[in-house]
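Observations on the model geometry
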Amino acid sequence: MRLGYVWAVFAKEWRDLLSNRLLLGAVAFPALVFAAIPTGLVAFIQARDLDPNQLGQIQQYIVNFPNIPAKLAAQAFIVTNFMAYFLLIPAMVPMAIATQSVIGEKVARSLEPQLATPLEVSELLAGKTLAAALPAVTATWMVFIGYGLVNGLIADQRLTRFVFSDVWITAMLTLVPLICLLSVLLGIVISSRVNDPRTAQQIGGFVVIPIIGIAVAQFFGGNATFNMQQVLIGDLMVAGLVGITLLIGSWAFDRESILTRLT
Amino acid sequence: MIVVEGLRKDFRTLTAVHDMSFTVGDGEIFGLLGPNGAGKTTTVRMLAGLISPTAGTATVNGHPLGEKTQQIRAFTGILTESPGLHEKLTARQNLAYYGRLYGMTGARLREAVERYLGVVEMSEHADRRVGGFSKGMRQKVAIARALLHEPEVIYLDEPTSGLDPSAAKTVRDFIATLRALGRSIVVCTHNLDEAERLCDRIGIMRGTLLQVDTPAGLRRHGRTATVRVELNGARGPESFVGRLAELPYVNGVQARENTLVVELTDPPHETPDLVAELVSAGARITSVVEDAQTLEEAYLSLVGEVGERDTDR
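Residues numbered from 1 in each chain as written. Chains lettered and ligands numbered in written order. Predicted model: local features only at pLDDT ≥ 70, side-chain atom pairs only at ≥ 80, totals over all residues. Heavy atoms only, no water.

1. Some words on the sheet that holds strand β2 (residues 14-24) of chain B
The strands making up a sheet are joined through hydrogen bonds of the backbone, oriented either antiparallel or parallel. Residue and element names in this part refer to chain B. Judged by pairing direction, the sheet is antiparallel, and its 4 strands sit side by side in the order β2-β1-β4-β5 without closing on themselves. Where the open sheet ends on each side, the last strands, each with one partner, are β2 and β5 (63-64). With 7 bridges joining them, strand β1 (residues 2-11) and β2 adopt antiparallel strand pairing. Looking at β2, one finds that Lys 9 is bridged to Val 17. (Pairing = 2+ DSSP bridges. Helix = DSSP H or I, 4+ residues; strand = E, 2+ residues; numbered from the N terminus.)

2. Details of helix α4 (residues 88-108) of chain A
All names here are of chain A. The end-to-end C-alpha distance of α4 is 30 Å, a good match for the 30 Å that 21 residues give at a rise of 1.5 Å each. Among the 21 residues that make up α4, 17 are buried, leaving the element largely enclosed by the rest of the structure. Remark: Arg 109 follows α4 within two positions and exhibits a positive phi of approximately 55°. (Expected span 1.5 Å × (residues − 1). Buried < 20%, exposed > 50% of the residue type's maximum accessible area, 1.4 Å probe, protein only.)

3. Quick look at the domain arrangement of chain B
Each assigned domain of chain B is listed here: domain 1 (2-219) and domain 2 (226-291). The centre of domain 1 of chain B, based on its C-alpha atoms, is set 43 Å off from the matching centre of domain 2 of chain B. (Domains from an automatic or database assignment.)

4. Here's the deal with the interface of chain B and chain A
Of the residues lining the interface, 28 residues belong to chain B; the matching set on chain A comes to 27 residues. Across the chain B to chain A interface the summed buried area is about 2500 Å²; carbon plus sulfur atoms make up 58%. Across the chain B-chain A interface, the total number found is 2 salt bridges. At the level of elements, β1, α2 (69-74) and α3 (91-101) of chain B are the ones that each hand at least two residues to the side of chain B that touches chain A. Considering every element that reaches the side of chain B that touches chain A, the biggest residue donor is α3(B), with 5 residues. (Contact = heavy atoms within 4.5 Å. Buried area = accessible area lost by both parts, 1.4 Å probe. Salt bridge = Lys/Arg side-chain N within 4 Å of Asp/Glu carboxyl O.)

5. Some details on helix α2 (residues 21-46) of chain A
Residues and elements named next belong to chain A. For α2, which comprises 26 residues, the first-to-last C-alpha distance of 36 Å matches the rise-based estimate of 38 Å (1.5 Å per residue) to within 8%. Every buried residue belonging to α2 is among Leu 23, Val 27, Pro 30, Ala 31, Phe 34, Ala 35, Pro 38, Thr 39, Val 42 and Ile 45, and all of these are buried. Where α2 is buried, its residues meet α1 (3-18), α3 (70-82), α4, α6 (121-154) and α7 (157-163).

Here it is in structure tokens:
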């Protein structure tokens, strides 16, 4: 694979993306919402004296944060519990970009001229994957860093340490890029079968269900966040899915299939 | 130079192209004429290294098809049926992107982009997004894209589609200059007038090549080559019949009112001799016209013949 060609595709895709304000909004909006809701709750709790009777359902969960005041434990629970939803950003955003990119090319019939150049299909896909994944990874990391720092400033520095735990740093560095990759590849495979970006995103929307499922399950299971073992198992599972999707993708996206079915 | 021998392409149960054999020399424009679905695009895609043939062989500038397709694509320029530009990018950005894909960088890339924007008369629109361009403007940018890297072999699918007559002429003239530079050019078109004006040879195809010849040769297809010589003078045409019948290249002569209808084997080469012979015999010639069908008639006759054969089956 020649990096110069991957870079050329990436730069073109990036230019395309920057000119699409709606898509940029789709990148930024979920990231900000997922961070704003728990941060708002932390600020709300911080602004008031916490009545233990008001803790309600989360009372049983704050026992997971021993040796800290109940108010801070409640904030820690909220801060860490919502972090699972950060995994939705790499699941949703790259798929939106990838489907828009591939289907956009199908509609504009611009795949054939690109494949008529010395560009290899793998280089085309690598450039597209990078361009779709990078905004999501960047957005997730920025939100993660901002989330940890802002909550620490609003409430207590110990919240920052809960956010920047070894488990979550590992998850950010491994699970987030893997989920991004899976999302992009799924977007590309789905896009090879449909001609409308919205349909592709609706089909691809199923990819977020397991993540939401895990987030909800851990809440009801009494765990505020993942442990290292769960993150590593998650890495392995997503890596496996990436491998399977790559196999399907290489079949769906070989040069001849693209030209005879997609253009 | 392109050499094609027995090329075939099957898509599952459908045979798109079979038994294709032809050559395109350096500095030659070869036209592929055929109805929709005749296999023109499939043929070009195979030759451009985009899809692999099911059977047969071809070499493009000495590179065998199927083995060095990346190299073939590097010296090949292709104008696809649809311009296929990137709508959100400007004309200049589109060309620069493709230049990079052809391995061009720096000053060489910038100069090529400027030069070809000028060639297709799009310099003043260079920094506008192509999404707002008319069909003709897009076609011009697509033509510039196909030629940007100075390809040795060029495939042009409907090159003047969507262009106004003036722009179409500019493009045709430019294609002619590429021929003069020794490039091998294949033009796929439905435009018979354009094929006749532009192409050195034309292949009429429908799944396979039905006939390959010069435009003039195709016009004579299925007909006796005849020349009508109109005379004006005291001597009637019948007085020349005997003399002309003795000439070795004359296959038959008829006199009709003030006209001689002469059957020849190769009118372009034999007509000057025929005229010289008549003049030396004292004929006063007012016009000489080759009695040929139009290219359209020849095309319809060839394609129709196959259509009828297909229907009979």
